[in-house]
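Report on the structure
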Amino acid sequence: FFFLMIRRPPRSTQSRSSAASDVYKRQQYKHASTREAAQEELLICLGLTLKDRLQSLWRERKSEEVIKKLFLKISSSCIILQIQNELQDKYIRLGHKTVIEEYLNDTEAAIEQKKEKLKKKRNKKKERKKKGQKQNGDNQSNTDSCLLYTSPSPRDS
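From a predicted model like this one, the values you see are computed outputs, not experimental measurements.

To continue, consider the overall build of the protein. Looking only at helices and strands, the protein features two helices and zero strands. Split into buried and exposed, the 157 residues of the protein put 9% on the buried side. A separation threshold of at least 6 residues defines the contact pool for the protein, and within that pool the share at least 24 residues apart is 57%.

Here it is, written out as structure tokens:
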């Protein structure tokens, strides 16, 4: 006879209804009577243990995939948000740039208008001077031809 005590395989779940726990409950105090029965019980326990381990690995893998997907989703949304903020800042800067350009263009136009007004004033002054000089020239020519008679002074003698 083979006295083989079937050990309870490690459980991945804490519930009492797992398959490995059921095998342990059924065979806790029984001993295998033949070699074939012991091998069969051993294979059953190994199969159930392997099944539990594979299920836990599968659950871990699924949870890792979920974590990866969440990480990618969060990181991509952060990147998209950052790009949107950059574009918004760029449009704001461009908006300020166009406002500044308009202001500078308006300022330049106002300066040009002032320059034109000054030129007009200068031209008017020049025209007035020319008219005044013509009138003075005409007056001088009149005074040159006009002689005044003065009486002799006592010093002249």
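The next thing to look at is a nonpolar patch on the surface. Together, Ile79, Ile83, Leu87, Tyr91 and Leu94 make up a nonpolar patch on the protein surface, roughly 500 Å² of accessible area in all. Along the polypeptide, Leu94 turns up in helix α2 (residues 35-145). What makes Leu94 partly exposed here is its relative accessible area of 38%.

Let us look at the pattern of salt bridges. A complete count under the given rule lists two salt bridges for this structure. Among the ionic pairs, Arg61 bridges to Glu65, the shortest N-O distance being 3.3 Å. With a gap of four residues between them, Arg61 and Glu65 both fall in helix α2, about one helical turn apart. The class of Arg61 is exposed, set by a relative accessible area of 53%. Of the residues examined, Glu65 reaches a relative accessible area of 29% and is grouped as partly exposed. If you follow the salt bridges from partner to partner, you end up with Arg61, Lys62 and Glu65 in one network.

Rules used throughout
Residues numbered from 1 in each chain as written. Predicted model: local features only at pLDDT ≥ 70, side-chain atom pairs only at ≥ 80, totals over all residues. Heavy atoms only, no water. Helix = DSSP H or I, 4+ residues; strand = E, 2+ residues; numbered from the N terminus. Buried < 20%, exposed > 50% of the residue type's maximum accessible area, 1.4 Å probe, protein only. Contact = heavy atoms within 4.5 Å. Patch = residues over 30% accessible without salt bridge, like charges linked within 9 Å, V, L, I, M, F, W, Y side chains within 5 Å. Areas by Shrake-Rupley, 256 points an atom, 1.4 Å probe, with all protein chains shown as cover. Salt bridge = Lys/Arg side-chain N within 4 Å of Asp/Glu carboxyl O.

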